[in-house]
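Commentary on secondary and tertiary structure
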Amino acid sequence: MSDQLGENTIDLAQVVQNSYHANAQLVLSALLSDYTEEEIAHCVSEAYGRKFDTSAVTPVTPLGHDWLLELFHGPTCAFKDVALQMLPQLMSVAREGDGRDVMIVTATSGDTGKAALEGFADVPGCGVTVFYPDGKVSDIQYLQMVCQEGSNVCVSGVRGTFDDAQTGVKRIFSDEALRGRLASRNTVLSSANSINVGRLVPQVTYYFDAYAQLVRRGVLTLGDPIDFCVPTGNFGDVLAGYFAKRLGLPVRKLIVASNSNKVLTDFITTGTYDRRRDFMKTISPSMDILVSSNLERLLYYLSDGDCAYISSLMGQLQDEGHYSVTPEILSQIQETFACGFATDAETKETIRATFEQDGVLIDTHTAVARTVLNRFPEDGTPRVCLSTASPYKFCSDVLDALGKDTTGMNDFACMDALEKASGTVAPKQLSSLRTAEKRHLGVCDISGMGAVVEDACTRIFARS
């Protein structure tokens, strides 16, 4: 994909004329040259059809003087659906005639897990194993995963943080003995995390499509610059925006919004990445991350593909817990990226103010982004805040932010109260969880993650 980023540009005039589906075909064709146009068209049709509740897929709506890019209209009510409804389609085409079984192994800080389960459930020849940090996702996120149906799925909690779970998954992929045992059974491993670049590519589309929507509204004239503010922990969503810029989208700034785990804010400000800090459990749990895996990809592009240099940085991060980039690379970063962070108290205040002043109900992650965006002065350039999840995925904290007492209330009582307080309706796929059966209650240590995957492969791919 690196060659395509360096050589291809997307025709903005065409983008403005296109539907979301047509823009997805345009972007995917530019970045995935191994696929035919017919294959891409089939994948787009299958991914963005009946499971999204709007034909716009990712509509842009007003947010005060700014704009909200709504990324929560898919089956799991989070932005990961845009990628993880597409990834199974791309993988199915890629593995046609291969004859091997594929086990998807994924760590999640909350949203990737359910989106991967939903995307890969009962896909022939595929299994999916999801690890989440036990006790460190929202109640709704937890139920979305442990209640997942499907004969080919496995879900396990991990005793530790998301960073621990993600490190465990990376070790599984580098475990040659495990891979050898699976290969002898005609099984290979793959990932739905953003360590799989196929997870990132579909997310590029919504940056282009958001621009097109604002041109059609008359907010932008073709070629005008635009800013995006992105709540992120693992740097994947904002990296997709960088890819869009490389493909010709006139992005002026990508504003990286962090919660109190502000390792990215510190890095973009100083050029030093330092994970040697206390892990903070916040009300925006999908961003509770101290090791942002996708930053490595950005540094690869900014260093002109200097693999030895990037390897040395990643080695220092693993061994010493920190690294610093050159002044030249830091300057390049700061040309495109701005940053900021929000505390839980600030996040709650933004949820309250956004509802009371703008009549818009936002979740805790979106509120982090809006808090940060509001600190930057308006100068006439249109600004888009990415809304990454339905507020009902985090209904207890959203309700609390609106000033309602949540003492003694479970998430479903909070869901009902939030509907009443806001005059909005919870998505059915979330409200129905109150009666769903819990199917996956296992929890393991980091050292036991490989065994969970191997057992899942044995169960799912058992041959007569």
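Here the structure is shown first, and the text comes after it.
The following paragraphs examine the structure supplied in this document.

How each quantity is defined
Residues numbered from 1 in each chain as written. Predicted model: local features only at pLDDT ≥ 70, side-chain atom pairs only at ≥ 80, totals over all residues. Heavy atoms only, no water. Salt bridge = Lys/Arg side-chain N within 4 Å of Asp/Glu carboxyl O. Helix = DSSP H or I, 4+ residues; strand = E, 2+ residues; numbered from the N terminus. Buried < 20%, exposed > 50% of the residue type's maximum accessible area, 1.4 Å probe, protein only. Pairing = 2+ DSSP bridges. Axes fitted to C-alpha atoms, helices over the stretch in contact; angles between N-to-C directions. Expected span 1.5 Å × (residues − 1). Contact = heavy atoms within 4.5 Å. 1 Å grid on protein atoms, 1.4 Å probe; cavity = no way out; pocket = protein on both sides within 12 Å on 5 of 7 lines; lining within 4 Å. Points joined across faces, edges and corners; volume = space filled by probe spheres on them. Nonpolar A, V, L, I, M, F, W, Y, C, P; charged D, E, K, R; others polar. Core = buried A, V, L, I, M, F, W, Y, C linked by side-chain atoms within 4.5 Å. Polar contact = N/O pair within 3.5 Å; in protein donor to acceptor, adjacent residues only side chain to side chain. Left-handed = near helix turned anticlockwise from the far one by under 90°.

Focus on the pattern of salt bridges
Two side chains of opposite charge can pair, provided their charged atoms sit close to one another. Taken as a whole, this structure holds 21 salt bridges when the rule is applied. With a shortest N-O distance of 2.9 Å, D274 and R276 are connected by a salt bridge. R352 is the partner of E349 in a salt bridge, and the nearest nitrogen-oxygen pair spans 2.2 Å. With E349 and R352 both in helix α17 (residues 344–358), this residue pair falls three residues apart, about one helical turn. The class of E349 is partly exposed, set by a relative accessible area of 40%. You can call R352 partly exposed: its relative accessible area is 24%. The network of salt bridges with shared partners includes K51, K114 and E118.

Observations regarding the sheet that holds strand β12 (residues 383–387)
Strand order in this open sheet of six strands is β1-β2-β12-β7-β8-β11, and the pairing throughout is mixed. Because the sheet does not close on itself, it has two edges, and the strands there are β1 (60–63) and β11 (337–341). Ignoring which end each strand starts from, the neighbouring axes of this sheet average 25° apart. With four bridges connecting them, β1 and strand β2 (residues 66–70) associate as antiparallel partners.

Comments concerning α17
Owing to its 3.6 residues per turn, the α-helix aligns residues three or four sequence positions apart on the same side. When the terminal C-alpha atoms of α17 are compared, their 20 Å separation across 15 residues agrees well with the 21 Å that a helix rising 1.5 Å per residue should span. For α17, the complete set of buried residues consists of T347, T350, I351, A353 and T354. Tucked into the core, α17 has its buried residues touching β1, α18 (364–373) and α19 (395–401). G359, located one to two residues past α17, shows a positive phi value of around 70°.

Quick look at unusual backbone geometry
Positive phi, normally seen in glycine, also occurs at N186, with a value near 65°. By secondary structure assignment, the location of N186 is in the loop between α10 (176–183) and β6 (187–190).

Considering empty space enclosed by the protein
On inspection of all chains with the given rule, the structure shows two cavities of 30 Å³ or more. Empty space within the largest cavity amounts to approximately 270 Å³. Together, 25 residues line the largest cavity, and F79, K80, S109, N234 and S286 are the ones closest to its centre. Here the residues of the lining of the largest cavity sort into seven nonpolar, 14 polar and four charged. Empty space within the second largest cavity amounts to approximately 30 Å³. Forming the boundary of the second largest cavity are S109, P133, K136, F162, F279, P285 and D288. Of the residues assigned to the lining of the second largest cavity, the class counts are four nonpolar, one polar and two charged.

Considering the sheet that holds strand β13 (residues 443–444)
Reading across from one edge, β6-β3-β4-β5-β13 is the order of the five strands in this open sheet, with parallel pairing throughout. Each edge of the open sheet is held by one strand with a lone partner, namely β6 and β13. Across two bridges, strand β5 (residues 153–158) lies against β13 in parallel orientation. Residue G157 lies in a different strand from β13, and its bridge partner there is V443. This element, helix α7 (residues 111–120), spans β3 (101–107), β4 (126–133) and β5 of the sheet and lies at about 165° to β4. Along the sheet, helix α22 (residues 449–460) contacts β3, β4, β5, β6 and β13; its crossing angle with β4, the most-contacted strand, is approximately 150°.

Topic: the nonpolar core
The biggest cluster of nonpolar side chains holds 79 residues, and the ones touching the most others in it are Y48, Y207, F208, F228, L299, Y323 and F337. Broken down by element, this core gets its largest block of residues, eleven residues, from helix α11 (residues 197–216). Apart from residues no more than four positions distant in its own chain, F337 is found in contact with F235, V238, Y242, K253, L254, V256, I268 and L298.

Concerning the environment of D175
As for its placement among the helices and strands, D175 is situated in the loop between α9 (162–173) and α10. Classification of D175 by relative accessible area gives partly exposed; the value is 31%. Counting along the chain gives 275 residues from D175 to G450, while the straight-line C-alpha distance between them is 8.6 Å. Among the polar contacts made by the side chain of D175, one reaches the main-chain amide nitrogen of A177 at a distance of 3.2 Å.

Thoughts on the packing of helix α8 (residues 139–146) against helix α20 (residues 411–422)
In helix packing, the relevant descriptors are the interaxial angle and the interaxial distance, both defined with respect to the helix axes. Between α8 and α20, whose axes approach to 10 Å, the crossing angle comes to 115°. Of the two elements, α8 crosses α20, and the hand of that crossing is left-handed. Two secondary-structure elements touch here, α8 through D139, I140 and L143 and α20 through D411, F412 and M415. When the residues that make up the contact of α8 with α20 are grouped by side-chain class, the tally is four nonpolar, no polar and two charged.

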